[in-house]
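The primary structure of each chain is shown beneath.
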Amino acid sequence: MASDLFQKQGKIYRKSRPNYPEELYQFIASKTPFHHLAWDVGTGSGQAAVALAGIFKNVVATDTSQGQLDFAPKLPNVRYQRTPPNMSAAELEQQVSDQGGVDLVTVAQAMHWFDLPSFHREGATTPEISDKVDSIFNRVYFMDSRSYWSSGRNLIVDRYRSIDFPFEPADGCDHMGPFEFKAERLMDLEDYLAYTRSGSAYRTARDKGVELLTDDVVEEFKQAWGDGGNCQKIIKFPVYLRIGKVGNLN
């Protein structure tokens, strides 16, 4: 194992290995729209992690060799973590991305040690909102705010299945939908709450003196979101399409 090979030579590795050029990381950073959290995999004694720390708000630097990590420079925004050679998605979320989405994953001269199919499958996954965030939203949206919905809102919940749609299937289609698509957007918690506040039911409730997003509810969201709500996550919005062509309308 790689951890065994480098366990006894962390000090000389740190002292003798060259640092990577600054322009390398500036180039990488220019291709990433957000600079909140970077994960440096196989960090060794932290050569890449130190460079990333000057660009990203936080860096998680992992390695299987504690002997390497012991000699990595300590910086306030770098968290070094010894990890097992293979991690499940749950372990990855717990040990690496528990504070939110990872904006950049780097591997500096270590990829030849990896189980690449496993790494590509787990490491390239961008965190989405958790089931706990979903459950809080569903409670606010479908239970707390339901009495403030307009009558037409039920058509959306029904995915427009029951809407009056007197047309025929478009060419090449055997039905008129709904066809489902998904829109995606990166949001931090404040963006997510702003989206919730933009709904007509929220406005109606406020006009009647009811605050659906109380301080306690916002705190629930913050705890479920992680990182105080500052990290960004992928939010998926379902889009339902009904499509048809004009036929005999009689």
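Keep in mind it's a predicted model, so treat the numbers as computed, not measured.

Reading the values: rules and limits
- Residues numbered from 1 in each chain as written.
- Predicted model: local features only at pLDDT ≥ 70, side-chain atom pairs only at ≥ 80, totals over all residues.
- Heavy atoms only, no water.
- Core = buried A, V, L, I, M, F, W, Y, C linked by side-chain atoms within 4.5 Å.
- Buried < 20%, exposed > 50% of the residue type's maximum accessible area, 1.4 Å probe, protein only.
- Helix = DSSP H or I, 4+ residues; strand = E, 2+ residues; numbered from the N terminus.
- Arc of directions from axis to C-beta.
- Contact = heavy atoms within 4.5 Å.
- Pairing = 2+ DSSP bridges.
- Axes fitted to C-alpha atoms, helices over the stretch in contact; angles between N-to-C directions.
- Patch = residues over 30% accessible without salt bridge, like charges linked within 9 Å, V, L, I, M, F, W, Y side chains within 5 Å.
- Areas by Shrake-Rupley, 256 points an atom, 1.4 Å probe, with all protein chains shown as cover.
- Salt bridge = Lys/Arg side-chain N within 4 Å of Asp/Glu carboxyl O.
- Right-handed = clockwise from strand over helix to strand, strands pointing away.
- Phe/Tyr/Trp six-rings, centres within 6.5 Å; stacked < 30°, edge-to-face > 60°.
- pLDDT = per-residue confidence, 0-100.
- Lys, Arg positive; Asp, Glu negative; His and termini not counted.
- Parallel < 35°, antiparallel > 145°, perpendicular 65-115°, else oblique.
- Left-handed = near helix turned anticlockwise from the far one by under 90°.
- Nonpolar A, V, L, I, M, F, W, Y, C, P; charged D, E, K, R; others polar.

Asks: Is there a simple way to think about the nonpolar core in this case?
Replies: It is characteristic of soluble globular proteins that their nonpolar side chains tend to be buried jointly. Counting residues in each nonpolar core, the largest one holds 24 residues, and the members touching the most others are Y192, L213, F221 and W225. Where this core is concerned, the elements lending two or more residues are α8 (131-144), α10 (189-197), α11 (200-207), α12 (215-225) and β7 (233-241). Core analysis: the second largest hydrophobic core is formed by 14 residues, Y25, A49, V78 and L104 among them.

Asks: Explain α12 here, please?
Replies: Of the positions making up α12, those classed as buried are V217, V218, F221, A224 and W225. When α12 is viewed along its axis, its buried side chains cluster within an angular range of 125 degrees and face the same direction. Summarising the geometry of α12, the exposed residues directed more than 90 degrees from the buried face are D215, D216 and Q223. Looking at the buried side of α12, the elements it contacts are α8, β6 (179-187), α10 and β7. Of the residues one or two after α12, G226 is the one with positive phi, at around 95 degrees.

Asks: Got a minute to help me understand the sheet that holds strand β4 (residues 104-107) in this structure?
Replies: Note on sheets: strands pair through backbone hydrogen bonds, and any given pair is parallel or antiparallel. Read across the sheet, 4 strands follow the order β3-β2-β1-β4 without closing on themselves; strand pairing throughout is parallel. The strands lining the two open edges of the sheet, one partner per strand, are β3 (78-82) and β4. Strand-to-strand twist across the sheet, computed as the mean angle between neighbouring axes with direction ignored, equals 20 degrees. Alignment of strand β2 (residues 58-63) against β3, held across 5 bridges, turns out to be parallel. Bridged to V59 within β3 is V78.

Asks: I would appreciate a short explanation of a nonpolar patch on the surface in the present structure.
Replies: A contiguous nonpolar patch, built from F181, V239, L241 and I243 and spanning about 310 Å² of accessible area, is present on the exposed surface. Mapped onto the elements, L241 comes out in strand β7.

Asks: What am I meant to see in the pairing of strand β1 (residues 37-41) here?
Replies: Of all 5 residues making up β1, 5 are buried, and the element is well covered by its neighbours. Burial of the side chains of β1 extends over both faces: L37, W39 and V41 are buried on one face and A38 and D40 on the other. Bridge count between β1 and β2: 5 bridges; the pairing is parallel. Counterpart to A38 in the pairing with β2 is V59. Crossover β1 to β2 through helix α4 (residues 47-53) is right-handed. For β1 and β4, the ladder comprises 4 bridges, and the chain directions are parallel. Looking across to β4, one finds that A38 is bridged to L104.

Asks: Quick question: what am I supposed to make of the packing of aromatic side chains here?
Replies: Geometrically, a pair of aromatic rings is defined through the distance of the ring centres and the angle of the planes. Enumeration over the complete set of coordinates arrives at 9 aromatic pairs. Relative to Y141, the ring of F137 lies with its centre 5.5 Å away and its plane at 10 degrees, an arrangement referred to as stacked. Of the two residues, F137 and Y141 are both situated in helix α8; the distance of 4 residues between them amounts to about one turn of the helix. Each member of the pair F137 and Y141 is classed as buried.

Asks: Got a minute to help me understand the confidence of the model for the chain in this structure?
Replies: Low-pLDDT portions of the prediction should not be read for the details of their coordinates. On average, the chain scores 81 in pLDDT, and the residues at 70 or more come to 80%. Confidence over residues 1-7 falls short of pLDDT 50; this stretch has 12 contacts with residues more than four positions distant or in other chains.

Asks: Teacher, can you tell me more about the side chain of D63 here?
Replies: With respect to the helices and strands, the residue D63 is situated in strand β2. Notably, D63 is buried but unbridged: the nearest opposite-charge side chain belongs to R82, and the N-O separation is 7.5 Å. The contacts of D63, once residues within four sequence positions are left out, are G42, T43, G44, L69, Q81, R82 and T83.

Asks: Hey, could you run me through the packing of α10 against α12 in this one?
Replies: Helix-helix packing: each pair is described by the crossing angle between the helix axes and the interaxial distance. Relative orientation of the contacting elements α10 and α12 amounts to 140 degrees, with a least axis distance of 11 Å. When the axes of α10 and α12 are compared, the pair comes out oblique. Between α10 and α12 the crossing geometry is right-handed. Counted together, L189, Y192, L193 and R197 of α10 and V218, F221, K222 and W225 of α12 form the full contact between these two elements. Of the residues belonging to the contact of α10 with α12, the class tally is 6 nonpolar, no polar and 2 charged.

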